[in-house]
Number of protein chains: 2
Amino acid sequence: MATDELISAIKEALATGDQARVLSLVEQSDPGQWPAVIPQLDESELPLLVEFLPEEELSDLLSEIEPIEAAQILRTLSHTQAADLLEAMAPDDATDVIDALPDEQAEQILIQMEPADAAEIRELLAFPPDSAGGIMTPGFVAISPNLRASQAIAALQRVSEEVETMYYVYVVDDEEHLLGVLSLHRLVLTRPDTPVRDLMVTDPVRIEANADREAAARLLVDRNLLALPVVDTSNRLLGIITQDDVADVLEEEATEDIERLGGSQPLDVPYRYAGISLLFRRRIFWLLLLFAAEAYTGTVMRHFEDELAQVVALSFFIPLLIGTGGNIGSQVTTTLVRAIAVGEISLRDARWVLAKELVVGLILGLVMAIVAFGRAQLLHVGSDVAFVISLTILAICVWSAAVAAVLPLIINRLRIDPAVVSAPLITTLVDGTGLVIYFTIAKRLLHL
Amino acid sequence: MATDELISAIKEALATGDQARVLSLVEQSDPGQWPAVIPQLDESELPLLVEFLPEEELSDLLSEIEPIEAAQILRTLSHTQAADLLEAMAPDDATDVIDALPDEQAEQILIQMEPADAAEIRELLAFPPDSAGGIMTPGFVAISPNLRASQAIAALQRVSEEVETMYYVYVVDDEEHLLGVLSLHRLVLTRPDTPVRDLMVTDPVRIEANADREAAARLLVDRNLLALPVVDTSNRLLGIITQDDVADVLEEEATEDIERLGGSQPLDVPYRYAGISLLFRRRIFWLLLLFAAEAYTGTVMRHFEDELAQVVALSFFIPLLIGTGGNIGSQVTTTLVRAIAVGEISLRDARWVLAKELVVGLILGLVMAIVAFGRAQLLHVGSDVAFVISLTILAICVWSAAVAAVLPLIINRLRIDPAVVSAPLITTLVDGTGLVIYFTIAKRLLHL
């Protein structure tokens, strides 16, 4: 059923109070549809949906949607009900929801939970959300190296309900130091009496809990793992990061980069939940900074006031010239910032990157110069001015390509996210310098 | 070992012809490092590396790096050698490499391959690279519903070398129609004589081969699957898409969006392999289109030539005013394009999105108006002009936020990628209209 149909069907069933229909709709639906459905339900419909669904369905649904949405739903329930739902969720998902609740409310719900479940969540809360520890789950299987294959399988059967992934079994010593890893199919396809010690892969890929979550996600992808063990600084196994977290992390990181490239600070919450005040705060910093940088254009223009007064036609082309420079700059910088983000290039590639961008900038500049000459003729500004426009656009294209090629690489080297070299930033930088190029060429060629 | 160290160590070992050292470096390294290492080796070093490595290591390495790089390495080898290496790779990876070779060379290598392997690749080549079929692999396990659990495990043991993932077993009828799916742990944790028919999940999540690869990737993520079966239009099982392909697909789609948002057409190849001519072709289209749109600013300025001649100071603020409008537009559009891409908002949300952006634009505009008034005073242009500037910037901020909020939603509704509403496009649209706003306000208030 398409998401739009699902939304209207659910709304209808809720309106008529048809619990059986709601249940069957939820069961038929894709879990992936819920993040789109929940925000479409209004404040009178949500409590009814919560009331109609059994605890298990509801906790599944809460795991699927954004933590901030799940938190809003929990706030409509009693602390005991909320605690029961959180207990039924995977600990990493439950932690994200608790994190999205106001501190006091979170505390009251934690107090109502089973002490063991609450303790797990409290441990996970201690890690920053953007660290490997912040996305791990404690739902792993760990066994002693002294077991045999058949005993390991029996151990698995006992815990199969509680763990998030059964495809890897971790081998730890008495103090929980990570010794090795064993895949389920290796365990199955071997003789039952083989000791785990002989089957395990020693020195497995792992990551420290305080490492960056993006590094963890990329490691999981690069090594084609289904789960990555997370250890503390003394190699004690704390949790695992599973494949289903990777896509989320990579998507969130891409979202951050895109928001930065557009010239704002990342929202860190879904757009829907970004209030007016948050949007304002995330945007005003760069707007003011860019305004301050762009204000320089006023000084440049004032400096060339006499030339502008003599040839008013020069001002006609200002937006076109600096606009084209900004466009090339934006093309170059976004391509490079992305190439840096996926690890394709770094400062050591600066030389060939610059050379390539200069050549492309030169060719683009030549084409644009011809087109600009034609456009100037159409405005009847005279061949002199048209020639100035052509030469300026060529110079601005090359200049802009060079700045946009080098700046992200240098910024990245300084360990600042290269995405701060946004399209608006490059545009702003090229605006002022472009005007200087323009008036200098005009002054020389038109003998002003 | 860090990537930089690895690169110098490998270069040194190759220079001294120390094969054992090369081998041990390759074995110690992370597979994830190879995409960064290979491009750093020069044309004399690559053939030596290929010569030193055993076939198995080499085919693993070729699977890790970009298909276009793997293709370049294959071109240095004989067709027979190339064929042997491709046979050792997973069919989906081998297909990507064949796809990156010139047609004639690809054909000659396919002829040298084992007929069965070549046939698999030819089948996969038939699907467009951006379809679900284009990223699937035929390396799955399919069994009859009439087997028992123990027989199924025995069947798995026989094929364990050849399949890409063993975590799911697919159940098909005699004509290969997909009937159900069975997870390995379900198979293991049950009584050996249970019929497969009773264990399998019927009507499993699947995708048609001609569906979009991004849809396939999101389905896999949303449903938390380790592998997704790909079927033809009559529900015959053709292959599976595994978790390791998902991150690649999502990353590539994010790269495309980012490149579009920067104002160029997507490169579709890694930046390193994008030649001058490709970069030129991907950029010139939008540059010319934006130039044509921006050329309108010249007409506007010409129209207000008299006013400009009377108050030259008005021109000082042109870049600043339209620049700020462009910046707000870029902030709004990139945030919204991303929210659309991840499925968070669509046209049905247009009303509240517009309302929210108008309010934020108004507040931002008020702040910028105050700052702009101060800046105008610094340039000693008189309070009249300063007031015009303030009022204009307020109007431009609101206008720009409105355009940038609505346009991506409409474009998306027209089934065009909303990322074409790039920062440069919004900037360009706002430039011309911003000038009209500016001069209209100036004319009224300054009585020109």
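Because the structure is predicted, anything quoted here is derived from the model rather than measured.

Parameters at a glance
Residues numbered from 1 in each chain as written. Chains lettered and ligands numbered in written order. Predicted model: local features only at pLDDT ≥ 70, side-chain atom pairs only at ≥ 80, totals over all residues. Helix = DSSP H or I, 4+ residues; strand = E, 2+ residues; numbered from the N terminus. Rg over C-alpha atoms; globule rule 2.2 N^0.38 Å. Buried ≥ 20, exposed ≤ 12 C-beta atoms within 10 Å, placed from the backbone. Contact = placed C-beta atoms within 7 Å. Pairing = 2+ DSSP bridges. Least-squares fit on C-alpha atoms with pLDDT ≥ 70 in both. Domains from an automatic or database assignment. Nonpolar A, V, L, I, M, F, W, Y, C, P; charged D, E, K, R; others polar. Core = buried A, V, L, I, M, F, W, Y, C linked by C-beta atoms within 7 Å. Axes fitted to C-alpha atoms, helices over the stretch in contact; angles between N-to-C directions. Parallel < 35°, antiparallel > 145°, perpendicular 65-115°, else oblique. pLDDT = per-residue confidence, 0-100. Expected span 1.5 Å × (residues − 1). Arc of directions from axis to C-beta.

Novice: For this particular structure, what's the right way to read the overall build of chain A?
Specialist: Counting its secondary structure elements, chain A contains 24 helices and seven strands. Expected size for 448 residues packed as a compact globule is a radius of gyration near 22 Å; at 30 Å, chain A overshoots this value by more than 25%. Taken over the C-alpha atoms alone, chain A extends approximately 90 × 60 × 40 Å along its principal axes. Split into buried and exposed, the 448 residues of chain A put 48% on the buried side. Sequence separation of 24 or more characterises 71% of the internal contacts of chain A that already satisfy a separation of 6 or more.

Novice: Looking at this structure, I do not really get the sheet that holds strand β6 (residues 227-231) of chain B. What am I missing?
Specialist: As a general point, the strands of a sheet are linked pairwise by backbone hydrogen bonds and lie either parallel or antiparallel. Taken in spatial order, the three strands of this open sheet run β5-β6-β7 (chain B), and their pairing is mixed. At either end of the open sheet lies a strand with only one pairing partner, and these are β5 (207-208) and β7 (237-242) of chain B.

Novice: What is the right way to read the relation of the copies chain B and chain A from this model?
Specialist: Here the second copy of the chain follows from the first by a rotation about an axis and a shift along it. At an RMSD of 0.1 Å, chain B and chain A line up after a rotation of 180° and a shift of 0.0 Å along the axis. Taken together, the turn and the small shift mark the pair as related by a two-fold rotation axis.

Novice: Sorry if this is basic, but what is going on with the domain arrangement of chain A here?
Specialist: How large an interface is tends to be reported as the accessible area lost when its parts come together. The domain boundaries assigned to chain A delineate domain 1 (3-126), domain 2 (142-244) and domain 3 (295-446). Between the C-alpha centres of domain 1 of chain A and domain 2 of chain A the distance comes to 30 Å.

Novice: How should I be thinking about the interface of chain B and chain A in this particular structure?
Specialist: Facing 97 residues of chain B, the contacting portion of chain A comprises 97 residues. Broken down by element, the side of chain B that touches chain A gets its largest block of residues, 16 residues, from helix α21 (residues 318-341) of chain B. Looking at side-chain class alone, the side of chain B that touches chain A contains 54 nonpolar, 25 polar and 18 charged residues.

Novice: Got a minute to help me understand the nonpolar core in this structure?
Specialist: The tendency in soluble globular proteins is for nonpolar side chains to be buried as a group. Ranked by size, the top nonpolar core spans 286 residues in total, and within it Leu86(A), Leu228(A), Ile241(A), Leu228(B) and Ile241(B) carry the most contacts. Residues contacting Leu228(B), with those up to four places away along its chain left out, are Val205(B), Arg206(B), Ile207(B), Ala216(B), Leu219(B), Leu220(B), Ile240(B) and Ile241(B).

Novice: So what exactly am I meant to see when it comes to the packing of helix α16 (residues 243-261) of chain A against helix α16 (residues 243-261) of chain B here?
Specialist: To characterise two packed helices, one gives the angle between the axes of the helices and the distance between these axes. Their axes nearest at 10 Å, the elements α16(A) and α16(B) cross at an angle of 10°. Our classification of the angle between α16(A) and α16(B) gives roughly parallel. Here Gln243(A), Val246(A), Ala247(A), Leu250(A), Glu251(A), Ala254(A), Asp257(A), Ile258(A) and Leu261(A) of α16(A) come into contact with α16(B), specifically with Gln243(B), Val246(B), Ala247(B), Leu250(B), Glu251(B), Ala254(B), Asp257(B), Ile258(B) and Leu261(B).

Novice: Would you explain the pairing of strand β3 (residues 178-183) of chain B in this entry?
Specialist: On any regular strand, side chains alternate: one points to one face of the sheet, the next to the other face. Residue and element names in this part refer to chain B. Looking at chain direction, strand β2 (residues 168-172) and β3 are connected through five bridges and run antiparallel. By the bridge assignment, Tyr170 is partnered in β3 with Val181. The loop that links β2 with its antiparallel partner β3 comprises five residues; one of these, Glu176, has a positive phi angle of about 65°. Relative to strand β4 (residues 201-202), β3 runs antiparallel, the two sharing two bridges. Within β4, the position partnered with Val181 by the bridge is Val201.

Novice: What's the story with the pairing of β7(B) in this structure? I'm lost.
Specialist: Residues and elements named next belong to chain B. Counting buried positions along β7 yields six of six residues, so the element is predominantly enclosed. In this sheet, β7 lies alongside β6 in antiparallel orientation, the contact comprising five bridges. Paired with Ala227 across the two strands is Thr242, which belongs to β7.

Novice: Please clarify how the confidence of the model for chain A should be interpreted in this entry.
Specialist: When pLDDT is low, close inspection of the predicted coordinates is not appropriate. All names here are of chain A. This prediction gives chain A a mean pLDDT of 88; 98% of its residues lie at or above 70. Mean pLDDT values for the elements of chain A range from 77 in helix α13 (residues 184-188) up to 95 in strand β5 (residues 207-208). Predicted as a complex, the structure gets a pTM of 0.83 and an ipTM equal to 0.83.

Novice: Hey, could you run me through helix α1 (residues 3-15) of chain B in this one?
Specialist: Given 3.6 residues per turn, any residue in an α-helix points the same way as the ones three and four places further on. All names here are of chain B. In this model, α1 (13 residues) spans 18 Å end to end at C-alpha, consistent with the 18 Å of a helix rising 1.5 Å per residue. All of the buried residues in α1 are Leu6, Ile10, Ala13 and Leu14. The buried side chains of α1 occupy one side of the element, clustering within an arc of 100° when seen end-on. Residues of α1 that are exposed and point more than 90 degrees away from the buried face comprise Glu5, Ser8 and Ala15. Residue Gly17 follows α1 closely and has a positive phi angle near 65°.

Novice: How do you make sense of the sheet that holds β5(A) when you look at a structure like this?
Specialist: All names here are of chain A. The strand order across the open sheet built from three strands is β5-β6-β7, with neighbouring strands paired in mixed fashion. Here the strands that pair on one side only, and so sit at the sheet edges, are β5 and β7 (237-242). Sheet analysis places β5 next to strand β6 (residues 227-231), joined by two bridges and oriented parallel. Residue pairing for β6: Ile207 is matched across the bridge by Val230.

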